[in-house]
2 protein chains.
Amino acid sequence: MPEVFAARRARLRERCHAAGSAAALVTRPANVRYLAGAAPPGAALLLAPRDGAEDVLLCPHPLEEQQPAGAREGGRPDDLLRIRPLGGSLSPEGGDAAVAAAGMAAEEGADSLAVEEHHLTVARHRAIGSVASRLRLTDLGTAVEQMRVVKDEEEIACLRAGAEIADQALGELLESILVGRTERHLALELERRLVDHGADGPAFPTSVATGPHAGRPGHRPTDRRVEEGDFLSVCMGAAYQGYRCEIGRTFVIGTTPADWQIELYDVVFAAQRAGREALAPGAEHREVDRAARQVLASAGYGSALPARTGHGVGLEIAEDPQLAPATMGKLDACVPVTVEPGVHLPGRGGVRIDDTLVVRPEADGGPELLTITTKELLAL
Amino acid sequence: MPEVFAARRARLRERCHAAGSAAALVTRPANVRYLAGAAPPGAALLLAPRDGAEDVLLCPHPLEEQQPAGAREGGRPDDLLRIRPLGGSLSPEGGDAAVAAAGMAAEEGADSLAVEEHHLTVARHRAIGSVASRLRLTDLGTAVEQMRVVKDEEEIACLRAGAEIADQALGELLESILVGRTERHLALELERRLVDHGADGPAFPTSVATGPHAGRPGHRPTDRRVEEGDFLSVCMGAAYQGYRCEIGRTFVIGTTPADWQIELYDVVFAAQRAGREALAPGAEHREVDRAARQVLASAGYGSALPARTGHGVGLEIAEDPQLAPATMGKLDACVPVTVEPGVHLPGRGGVRIDDTLVVRPEADGGPELLTITTKELLAL
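In the annotation of an unreviewed UniProt entry, the entry for chain A reads Aminopeptidase P family protein, and the organism field reads Streptomyces chilikensis.

Listed below in structure tokens is the structure:
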């Protein structure tokens, strides 16, 4: 495994050299973890100016003070990295690590340093400039984020394991009595079950939405209790070894769904299927979005459509690509994405169906569905 | 209540004018919430160039898409603010809101705009500069953070309510059987109880540490199970209407603590009491730290002391002031802080005792203890 991280760093170093920068400073936590195997709080990763020179992970605190759960949740830095603890700094944001790394790059003779301008604050950028005034600071841009879009099979295995955990947790909840319980309690119980089944924790705050709340994107659970006749929508995911998946389902509470509920469900289900079926290497991001979106629009739900109908997942829950009307770019194989159209009718509720899938070529059987809980409309 | 936020904005506007800036752009979420009553994801607050002109809260998404739980957890923007939704932007970081706000300031005739350089990224700062090229960008610095240090009585009431919830949740846990349960499960149960008692959620990830883990600062719960003879340390807090408190206690599992456990506990207890007793308006931050620290050092625990022995709390769990050896500055009345010295002996475990208190003058009875769970060494 250490070789994986070293190989990623070598690829990034090549890109930097090609762009004319000697060294690179990575500070965005998910990027640090992708390249170093771990991202202790406030850490900064310095890619050495030359191949062969050691890359350095600078940490505000000694590593032995880090979490023992780190091997699971926070990862472990790989053996090929030099670790440099900075000692008792108090900065929660790791300013010292970034500034110390820049000083180190200057000492090692680098003349330029590529930094993540979309992550570094203005104040920290200035501090780096004054500590290492001989260094020309350039912009690394989203080079690491772009590397992260296509996953290797080990990364996909982590997502698959996370999806399995989420399916289990959701399945167990559905076997319990739901009427009378609050959104908050259901959400907490789901999160407990995720951990029971081996997740690092929830991939993002679990959303449980009942009745008029159902189908709202990003709904935060309230004290509303589940009632007969409600739509109940759940959106949740597990983080497993740092990788985050997502599943969303909508159910009806009671014996028989109302006609409007069945109709709405069928439309969202058809839209979600259209989105899933559009997933293929080479498909444009906006075409996948359009496939799902036009089903909703032609059923008369064109006015209040979501900004996007899906997005990439990985070390962060919402990564590139964005499946949205104005996004440029095409899908590659081995890109995990969500497909999650939904409709919310103010005052009445709504439906949201959300899967995590991996884009695969037709020859490999097409998109791989990671979240396998049924999408039939269940009356619970 | 809306007047509270408007008054805060008026104070900040005065400071900006005194520093020569016409308008100010606030983007750090806790600062936005402090000044606007709410901080929807990605929102930016524009303080109008002139008194009398409307301040504007720019939000990437329409407010009705925000959480209904918002009134409790995320707050509500006050009525005196103009709210401007930007419509379907996808940026999770609210870049558009900050850039749009700067454009608005320029349209309104501002010639300069103070921004939070310690929060704005280099990329966003540049985008603001290119959208509003006539604007001179200055640094607001930590002006809002400084305003937030001294709390009003309504803020303190929220902290007091949160502390009461945390005390309740901890008290209930202590009545249950602990041996054989894992750190993770105990932490999850504590968080569930916080929500049961009306918290928005945990103030920070709940730490439960057993046996050799006990007393480690920031320990993340593992699958280790509670055993007879263990130290068990818990550090947790409730968020209540956005305000975050902290309590930490250490217990012994079993009938009788070992001698080394009693000795270690007594030392940490004495250090924590010394820190609490040093809290007074006018006391230097580093003197409070020293009061606690020297008790630990003179008992022979000088080698592995924590970087700080306490810190401010409020809308964020770790605010100014820092109670640490090198911090300059003095305490004021109505500043809530933690006092949380601890000792961790590698391989054996340790003790941590942590209270949230409000600095009050002697005439008002001295420091107000918010977290009232007993600090006797309980054998559970």
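Student: For the sheet that holds strand E10 (residues 238–240) of chain A, give the residues involved together with the corresponding values.
Tutor: Residue and element names in this part refer to chain A. With respect to topology, three strands assemble into an open sheet ordered E7-E10-E11, the strand pairing being antiparallel. Each edge of the open sheet is held by one strand with a lone partner, namely strand E7 (201–202) and strand E11 (243–244). In the sheet, E7 pairs with E10 via two bridges, with the strands oriented antiparallel. Bridge pairing in E10 links Gly201 to Ala239. Strands E10 and E11 of the sheet are contacted by helix H6 (residues 153–174), whose axis makes an angle of about 140° with E10.

Student: Could you give an account of the environment of A:Arg11, with specific residues and numbers?
Tutor: Residues and elements named next belong to chain A. Position of Arg11 relative to the elements: it lies in helix H1 (residues 2–18). Take Arg11: its relative accessible area is 42%, and that puts it in the partly exposed class. With 133 residues separating them in the primary sequence, Arg11 and Val144 have C-alpha atoms 9.8 Å apart. Discounting residues that sit within four places of it in the chain, Arg11 has contacts with Tyr34 and Met147.

Student: I'd like a rundown of the environment of B:Leu380, residues and numbers included.
Tutor: Looking at the secondary structure, you find B:Leu380 in the segment after strand E19 (368–369). Leaving out residues up to four positions away in the same chain, B:Leu380 has contacts with B:Leu174, B:Leu178, B:Phe251, B:Val252, B:Ile253 and B:Gly254.

Student: Run through the side chain of B:His219, naming residues and quoting values.
Tutor: Residue and element names in this part refer to chain B. Tracing the backbone through its elements, the reader meets His219 in the loop between strand E8 (207–210) and strand E9 (231–236). You can call His219 buried: its relative accessible area is 1%. Here the side chain of His219 touches His213 through a polar contact of 3.5 Å, side chain to side chain.

Student: With reference to specific residues and values, describe the sheet that holds strand E9 (residues 231–236) of chain A.
Tutor: Residue and element names in this part refer to chain A. As summarised here, the arrangement of the three strands in space is E8-E9-E12, forming an open sheet in which the pairing is antiparallel. Whereas interior strands pair on both sides, the edge strands pair on one side only; in this sheet they are strand E8 (207–210) and strand E12 (247–252). Sheet twist, expressed as the mean angle between neighbouring strand axes with direction ignored, is 10°. Judged from the four bridges that link them, E8 and E9 form a sheet pairing that is antiparallel. What sits directly across from Ser207, in E9, is Cys235. Contacts from H6 reach E9 and E12 within the one sheet, and its direction differs from that of E12 by about 15°.

Reading guide: rules and limits
Each chain carries its own residue numbering, running from 1 in the direction its sequence is written. Chains carry letters and ligands carry numbers; both start at the beginning, A for chains and 1 for ligands, and go up in the order they are written. Whole-chain, interface and lining totals are the exception, using all residues; otherwise, since this is a predicted model, local features are given only for residues with pLDDT of at least 70 and side-chain atom pairs are given and counted only at 80 or more. Remark: hydrogens and water are excluded; side-chain values derive from all non-hydrogen atoms of the structure. Think of it this way: DSSP has to see at least two bridges between two strands before they count as a pair. Helix and strand labels come from DSSP, where a helix needs a run of H or I of at least four residues and a strand needs a run of E of at least two; each type is numbered from the N terminus. The contact criterion used throughout is that any non-hydrogen atoms of two residues lie within 4.5 Å. Only C-alpha atoms enter the line fits that serve as axes; for helices the fit covers just the stretch in contact. Angles between N-to-C directions range over 0 to 180 degrees. Think of it in three bands: residues with accessible area under 20% of the maximum for their type are buried, residues over 50% are exposed, and the middle band is partly exposed, with areas taken using a 1.4 Å probe on protein chains only. Here a polar contact is recorded for every N or O atom pair within 3.5 Å, except that within protein the pair must consist of a potential hydrogen donor and a potential acceptor, and residues adjacent in sequence are included only if both atoms are side-chain atoms.

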